[in-house]
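What the coordinates show
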Amino acid sequence: LKPLPVPDARSAGYWEAASRHTLAIQRCLHCARYAHPPAVVCQGCRSAEPRFEFQPVSGAARLRTWTVIRQAFIPAFEADVPWVIAVGELREQAGLLLTARLLDGTKASPRIGAPLRVVFEDVTPGCTLPQFLLDERQA
Amino acid sequence: VSRRYAAGGQVALAGYAQSKIERRASVPLGALALDTARRAIADAGLSLAQIDGVANASLLPSFGAHGLIDGVSIVTANWLAEHLDLSTRWIAGYAGWGTLTGSMILAVNAIASGAATHVLVFRALSNPPGRYHDNAIAEAADGMQWTVPYGMWAPPAKIALPYMEYLQRYGAGREAMATLVVQLRQNVQRMPWAYWYGKPLSVDDYMNARMVADPISVLDCDIPVEGVAAFVLTRGERARDLPHKPVYVAGFAQGRSQAEPLMLDDIMQGGKALCETLWESAGIGRDEIDVPQIYDGFSPLVYFWLESLGYCPQGEAHRFIQDGAIAADGELPLISGGGAIGNGRMHGVPQLLECYLQLSQRAGERQLRRAEVGLACHAMPQSGAAMIFTADSH
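Structural notes, computed from the coordinates. Once a new chain begins, its residue numbering starts again from 1 and follows that chain's sequence as written. Lettering for chains starts from A, numbering for ligands starts from 1, and both go in the order in which the items are written. Residue-level local features of this predicted model are given only where pLDDT is at least 70; pairs of side-chain atoms are given and counted only at 80 or more, and the full residue set underlies all totals for whole chains, interfaces and linings. Excluding hydrogens and water, the side-chain values take into account all heavy atoms of the structure.

1. Points about the overall build of chain A
Here a helix means four or more residues in a row that DSSP labels H or I, a strand means two or more in a row labelled E, and each is numbered from the N terminus. Along chain A, the regular secondary structure elements total one helix and nine strands. The linear arrangement of helices and strands in chain A, starting from the amino end, is β-α-β-β-β-β-β-β-β-β. Over its C-alpha atoms chain A spans a radius of gyration of 16 Å, differing by no more than 12% from the 14 Å that the globule rule assigns to 139 residues. Overall, chain A is about 45 × 35 × 25 Å in size when its C-alpha atoms are taken along their principal axes. Only protein chains enter the accessibility calculation, which uses a 1.4 Å probe. A residue is then buried if its area is under 20% of the maximum for its type, exposed if over 50%, and partly exposed in between. Taken over 139 residues, chain A has a buried fraction of 47%. In this description, contact between two residues means that some pair of their heavy atoms is separated by no more than 4.5 Å. A sequence separation of at least 24 residues applies to 52% of the contacts in chain A between residues at least 6 apart. Total accessible area on chain A is roughly 6700 Å²; 50% of this is exposed by carbon and sulfur atoms. Charged residues are defined narrowly, with Lys and Arg counted positive, Asp and Glu counted negative, and His plus the chain ends left uncounted. Every charge is mapped onto a representative atom, which is NZ of Lys, CZ of Arg, CG of Asp or CD of Glu. Each charge class in chain A can be summarised by its mean position, and for the 16 positive and 13 negative side chains these summaries are 6 Å apart. Based on C-alpha atoms, the radius of gyration is set beside the globule rule, defined as 2.2 Å times the residue count to the power 0.38. Only the protein chains shown count as cover for residues, and all accessible areas are computed by the Shrake-Rupley method using a 1.4 Å probe.

Pasting the structure below:
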């Protein structure tokens, strides 16, 4: 079985939103900066009294980089070889990065800067993974 | 305020030893560490009773689902001090990515402050059963929840991300990297202790290597091995009474970033900051470096370090290394010690060892004509650690 995410006190809001097919990103209530993965302390205002909230974002992103995984390392992923991992920069904030699979697969020959959109893959009744697709609709 | 390292030139390397480097050692790692440490202390002309400090880093192999057993899969400074029955006043472990280099910086400062007089610094590497990064993980908790559910795992895939950026942004190809990997393999053909001794590599071998995570092939990664290296450090004036020519520590710098995913801009921004600190710390400039031993555990790290150190403009390293520019007997003997790609996954040992051997005039037939100033670094330029050594105490 593939390892599934284990939500914790800092990440539960993200995974709960994903299960409703919403991409929600942790946001600092002091300075409005987003962070992903969720931060312990905001790297914008560096407040020692952190206050965060998960807020929905558009799911629009640009491809920053990618790799084609050809050796699984984790046995449960052997049957998936090869697959594409993408790092997308979310439209809402420079440097706000999300790592997921690029579901277009290895034939897509993506280029850096290509527009992406987040889609949702229901893995189990309780678990949904945000994923990427190339998005032809974005200019 | 001067950013120069206040204790520059005060502490010196006095001796070393290195075990065999093998895929699987025939004795437990702890036993190999015991033997190597004893030989290093003897090489420095000291007795075990004179060693009053031990430092190391025991990080890795910790990416797979391997149990970490002290004395077996890792060796901590405490374990070695206890099993050598040393009378230590000072023991330290370094937790950052700079591992051996980082722990040597701890030792240098312990000696400079008077906390210890004769310090053993060592690195012991094991190669766990099965494949190094294999991990039959059942659930993805904590930091792993963001990557492992996607099958994103292990350093080769993490390094592939900024390397892909580099290739795309600067129009570089894998064939440019062949020059580096073939050269490093060539460099160890005069080093009988290296894992790849007797096994040179061709450009075709490199280009046909199995891909692990595009654009990283298996030959862009160092091969996991088992082995131990140990160094002995002491105050410079003490080292001058010992058998070997001392090699002095001029300065150092440490990165701090733990950010993932690894992105090219972050690496270069952190790397340039680290290198600026390094030059200021040592009061030495890049053009003074005779023995540049840059970390190469994954081949793209050499591009990142070369550009961070300012050997060439950003985006130019893939061209800079061509046309014999990095030949071991040329103007820039880049990683003349063969690095991790030539020696095996010894995590910064080949870099430090080559600096020591060249600056102490102990490199034998490989001795460089000019070896007054050396640079050794480990890990990535935004997260790792770098040191500058000198043959004179200045």
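Here the narrative resumes.
2. Focus on the interface of chain B and chain A
Interface size is often expressed as the accessible area that is lost when the parts come together. Across the boundary between the two partners, chain B contributes 35 residues, which contact 37 residues of chain A. At the boundary of chain B with chain A, total buried surface from both sides reaches about 3200 Å², with 63% on carbon and sulfur atoms. When the buried area of chain B at its contact with chain A is split by residue, B:Gln145, B:Trp146 and B:Tyr150 rank highest and sum to 25% of it. Definition used for salt bridges: Asp or Glu carboxyl oxygen within 4 Å of a side-chain nitrogen of Lys or Arg. Taken together, chain B and chain A are joined by two salt bridges. Throughout, buried area stands for the accessible area (probe radius 1.4 Å) lost by two parts on being put together, summed over both.

3. Looking at the packing of helix H4 (residues 155-170) of chain B against helix H8 (residues 264-282) of chain B
All names here are of chain B. Contact geometry of H4 with H8 gives a least axis separation of 8 Å together with a crossing angle of 95°. On the basis of their axis angle, the class for H4 and H8 is roughly perpendicular. Residue-level inspection shows Pro-162, Glu-165, Tyr-166, Arg-169 and Tyr-170 of H4 in contact with H8, the latter providing Leu-264, Asp-265 and Ile-267. Residues of the contact of H4 with H8, tallied by class, amount to five nonpolar, no polar and three charged. Axis angles are defined between N-to-C directions and span 0 to 180 degrees, where every axis is a line fitted to C-alpha atoms and, for a helix, only to the segment in contact. Our angle categories are set so that under 35 degrees counts as roughly parallel, over 145 as roughly antiparallel, 65 to 115 as roughly perpendicular, and the remainder as oblique. Put simply, Ala, Val, Leu, Ile, Met, Phe, Trp, Tyr, Cys and Pro go in the nonpolar bin, Asp, Glu, Lys and Arg in the charged bin, and everything else, Gly too, in the polar bin.

4. Remarks on the sheet that holds strand S8 (residues 227-235) of chain B
All names here are of chain B. Taken in spatial order, the nine strands line up as S3-S2-S4-S8-S1-S9-S12-S11-S10 in an open sheet, and their pairing is mixed. Of all strands in the sheet, those with a lone pairing partner are strand S3 (90-93) and strand S10 (291-293), marking the two edges. With strand direction ignored, the average angle separating the axes of adjacent strands in the sheet is 25°. Here the rule is simple: two strands pair whenever DSSP picks up at least two bridges between them. Two elements, strand S2 (residues 53-56) and S3, share four bridges in a ladder whose sense is parallel. By the bridge assignment for S3, Val-54 is matched with Ile-91. Against the sheet, helix H1 (residues 29-43) makes contact with strand S1 (11-18), strand S4 (119-125) and S8, and its axis sits at roughly 35° relative to S8, the strand it touches most.

5. Structural notes on the packing of aromatic side chains
Pairing of aromatic rings covers Phe, Tyr and the six-membered ring of Trp, with a centre-to-centre limit of 6.5 Å; geometry is then stacked below 30 degrees between planes, edge-to-face above 60, and tilted otherwise. The tally for this structure, following the rule as stated, stands at 11 aromatic pairs over all chains. Pairing A:Tyr14 with B:Trp146 gives two aromatic rings, centres 5.1 Å apart and planes at 75°, and the pair type is edge-to-face. One end of the pair, A:Tyr14, is in helix H1 (residues 12-19); the other, B:Trp146, is in the loop between strand S5 (139-140) and H4, on a second chain. Take A:Tyr14 and B:Trp146: they sit in the same class, and that class is buried.

6. What about the nonpolar core?
Residue and element names in this part refer to chain B. For this analysis, a nonpolar core means a set of buried residues of the types Ala, Val, Leu, Ile, Met, Phe, Trp, Tyr and Cys, connected via side-chain atoms within 4.5 Å. Membership of the largest hydrophobic core comes to 107 residues, with the highest contact counts inside it found for Tyr-166, Trp-305 and Ile-388. In terms of residue count, the dominant contributor to this core is H4 (nine residues). Not counting residues up to four positions away in its chain, the partners in contact with Tyr-166 are Gly-171, Ala-172, Leu-264, Tyr-303, Phe-304, Glu-307, Gly-315, Glu-316, Ala-317 and His-318. Residues Val-225, Val-247, Val-249 and Ala-391 belong to the second largest nonpolar core, which totals 49 residues.

7. Comments concerning the side chain of B:Ser299
Residue and element names in this part refer to chain B. As for its placement among the helices and strands, Ser-299 is situated in the loop between S10 and helix H9 (300-308). Under the relative-accessibility criterion, Ser-299 is labelled buried at 0%. Among the polar contacts listed, one links the side chain of Ser-299 to the side chain of Asp-220, at a separation of 2.7 Å. Between N or O atoms, a polar contact is any pair within 3.5 Å; within protein, one atom must be a potential hydrogen donor and the other a potential acceptor, and residues adjacent in sequence are included only when both atoms are from side chains.

8. Structural notes on the environment of B:Thr88
All names here are of chain B. Within the element layout of this structure, Thr-88 appears in the loop between helix H2 (77-83) and S3. Considering only alpha carbons, one finds Thr-88 and Val-203, 115 residues apart in sequence, at a separation of 49 Å. Discounting residues that sit within four places of it in the chain, Thr-88 has contacts with Ile-51, Asp-52, Gly-53, Val-54 and Ala-81.

9. Quick look at the pattern of salt bridges
Evaluated as defined, the whole model comprises 18 salt bridges over all chains. A:Asp80 is the partner of A:Lys2 in a salt bridge, and the nearest nitrogen-oxygen pair spans 2.7 Å. With A:Lys2 in the segment before strand S1 (4-5) and A:Asp80 in the loop between strand S5 (60-69) and strand S6 (83-90), this residue pair connects regions lying 78 residues apart in the sequence. Of the residues examined, A:Lys2 reaches a relative accessible area of 36% and is grouped as partly exposed. As a salt-bridge pair, B:Glu260 and B:Lys158 come within 3.2 Å of each other at their nearest N and O atoms. Placement of B:Glu260 in the loop between strand S9 (247-254) and H8 and of B:Lys158 in helix H4 is noted, with a sequence separation of 102 residues between them.

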